[in-house]
Amino acid sequence: MPTNPNPRAVSESDPGAPLLTRAFPAPSHAHRTPFQRDRERIVQARAFRRLAGKTQVFTSRASDHFRSRLTHTMEVAQIARHVACALDLNEDLAEALALVHDIGHPPFGHAGERALDRCLQRHGLRFDHNIHALRIVEHFEQRYAAHRGLNLTLGVREGIIKHSRDYSATTHPELAIYFLDQAPPLEAQIIDLADEIAYLTADLDDGVESGLLQIAHVRQHVRILSRCFDSVERIHPTVDEKYLFHEALQLMQNILTDDLIANTRANLAASSLDSLEAIRQHRTRVATFSPEVESERLQEKKYLYDVLYTCPELEVEHDKAEEVVTALFNYWMDNPNELPDGYVEEIETEGMARVVADYIAGMTDAYILLQYAVVKRCPRLIRA
Ligand code: MG
């Protein structure tokens, strides 16, 4: 029996709805909805394939088992789709947004992003991975005869910009078409939290795999993991701790996901937000964890920051990322004729610093290290 569509979800029933519009005309498809088409355009983009070669937290040089940005993205996509389904939202939009959410990240994880931002600040600019993601899907991807970019719907482009933070039209007038005075739809609101669920689970897993975290220490200091561990240990009292740890991680991911679903449902039930329009006009985000789980989330996040992300072993990698990104940025600023032709053409409109940052941001870890090795052979070309 057909059910009534959820009025709080982004609908694809009216082909002329603003969120379904594209910058360039594209005839509708007989068998695929607009957001299904966007999902496929994202998966077939070069920048999406390069996520396989980009660091999430640990470089793949150290182990084949660590998450890359691509496998992290897939984990976020499955959580987002699950949450969207449970809340009766538009699953295809949520999945497309999850698949594209990290496409703007440079090599070497957050260390690479910080280094690139520092380089740009010396030229009065900033690096922001959401804005860079928009530049990728609107400009850098070239797959169509009639236009540059992937020609994604306005709904997906808005979600790229707004899923994790709010931008002001005063500081970012170029983003004014993305309804900056409105909250994003629920499909975009859940992406940032699906991202949190994915990495809070994965970083404990990869942290133990790397040897930088010890199961006993995690159990002692991470409240949410501790209660999950106690619970699985009661069921399997004689099983080795490494298997209990994996069971506990799975339970933790389920608790976080189920809490997000239940609490968002409760927020909606307690409110008068009965339409997409009402959610967009609401000042604060509706998709949230419960206060208890939110406090556990923040406690784990602090643990990961203090014990893992800033540990001496990873700081060595961060310093190396800073060195490589900064040296290459300076090199191409001093030798713009060494940039690929397509980038040289952009200098007139975008300015040299932005073009050099765009070039570096697109690289995988392996490619940027190769470039660094080549450039280092010509020390006269690098600033002292
Ligand atoms: Mg992410």
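The rules behind the values
- Residues numbered from 1 in each chain as written.
- Predicted model: local features only at pLDDT ≥ 70, side-chain atom pairs only at ≥ 80, totals over all residues.
- Heavy atoms only, no water.
- Helix = DSSP H or I, 4+ residues; strand = E, 2+ residues; numbered from the N terminus.
- Polar contact = N/O pair within 3.5 Å; in protein donor to acceptor, adjacent residues only side chain to side chain.
- Contact = heavy atoms within 4.5 Å.
- Patch = residues over 30% accessible without salt bridge, like charges linked within 9 Å, V, L, I, M, F, W, Y side chains within 5 Å.
- Areas by Shrake-Rupley, 256 points an atom, 1.4 Å probe, with all protein chains shown as cover.
- Salt bridge = Lys/Arg side-chain N within 4 Å of Asp/Glu carboxyl O.
- Domains from an automatic or database assignment.
- Buried area = accessible area lost by both parts, 1.4 Å probe.
- Nonpolar A, V, L, I, M, F, W, Y, C, P; charged D, E, K, R; others polar.
- Expected span 1.5 Å × (residues − 1).
- Buried < 20%, exposed > 50% of the residue type's maximum accessible area, 1.4 Å probe, protein only.
- Arc of directions from axis to C-beta.
- Donors = N, O, S within 2.8 Å, 3.2 Å for Na, K, Ca; no water.

*Asks:* How should I be thinking about the side chain of aspartate 117 in this particular structure?
*Replies:* Tracing the backbone through its elements, the reader meets aspartate 117 in helix H5 (residues 109–121). Here the side chain of aspartate 117 touches arginine 126 through a polar contact of 2.7 Å, side chain to side chain. Leave out the neighbours within four places in its chain, and aspartate 117 touches Leu125, Arg126 and Phe127.

*Asks:* How should a nonpolar patch on the surface be read in this particular structure?
*Replies:* Together, Tyr367, Leu370 and Val374 line one region of the surface with nonpolar side chains, adding up to about 270 Å² of accessible area. Residue placement: leucine 370 occurs in helix H17 (residues 365–376).

*Asks:* Would you mind showing me how to read the domain arrangement of the chain here?
*Replies:* Bring the parts together and some accessible area is lost; that lost area is often taken as the interface size. Entries for the chain in the domain assignment read domain 1 (33–313) and domain 2 (314–376). The gap between the C-alpha centroids of domain 1 and domain 2 is 26 Å. Interface area for domain 1 against domain 2, summed over the two sides, is near 2,700 Å², with a carbon-plus-sulfur share of 59%. Our count for the contact surface shared by domain 1 and domain 2 stands at four salt bridges. Ionic pairing is found between glutamate 322 and arginine 118, a salt bridge with its closest N-O pair at 2.6 Å. Taken together, domain 1 and domain 2 are joined by 14 residue pairs in polar contact (both at pLDDT 80 or more). Sorting the residues of the side of domain 1 that touches domain 2 by element identifies H5, helix H6 (129–140), helix H13 (291–309) and helix H14 (312–334) as the ones contributing at least two each. Element by element, the count of residues in the side of domain 1 that touches domain 2 is highest for H5, at eight residues. Tallied by class, the residues present in the side of domain 1 that touches domain 2 amount to 18 nonpolar, nine polar and 10 charged.

*Asks:* Where do I start with H13 in this structure?
*Replies:* Because the α-helix completes a turn every 3.6 residues, residues three or four places apart line up on one side. If you check H13, its first and last C-alpha atoms are 25 Å apart, about what 19 residues at 1.5 Å a residue would give, namely 27 Å. If you check which residues of H13 are buried, you get Val293, Glu296, Arg297, Glu300, Tyr303, Leu304, Leu308 and Tyr309. Summarising the axial view, the buried residues of H13 lie within an arc of 150°, below the 170-degree limit, and thus occupy one face. H13 presents Pro291 and Lys302 as exposed residues on the side facing more than 90 degrees away from its buried surface.

*Asks:* Looking at this structure, how should I read the coordination of the magnesium ion?
*Replies:* Protein ligation of the magnesium ion involves His72 (NE2), His101 (NE2), Asp102 (OD) and Asp195 (OD), the donor distances falling in the range 2.2 to 2.5 Å. Summarised as a motif, the one-chain spacing of the donors to the magnesium ion is H-x28-H-D-x92-D. Residue histidine 72 is located in helix H3 (residues 69–86), and its partner histidine 101 is located in the loop between helix H4 (91–100) and H5; the two are separated by 29 residues in the primary sequence. Assessed through its relative accessible area of 3%, histidine 101 is described here as buried.

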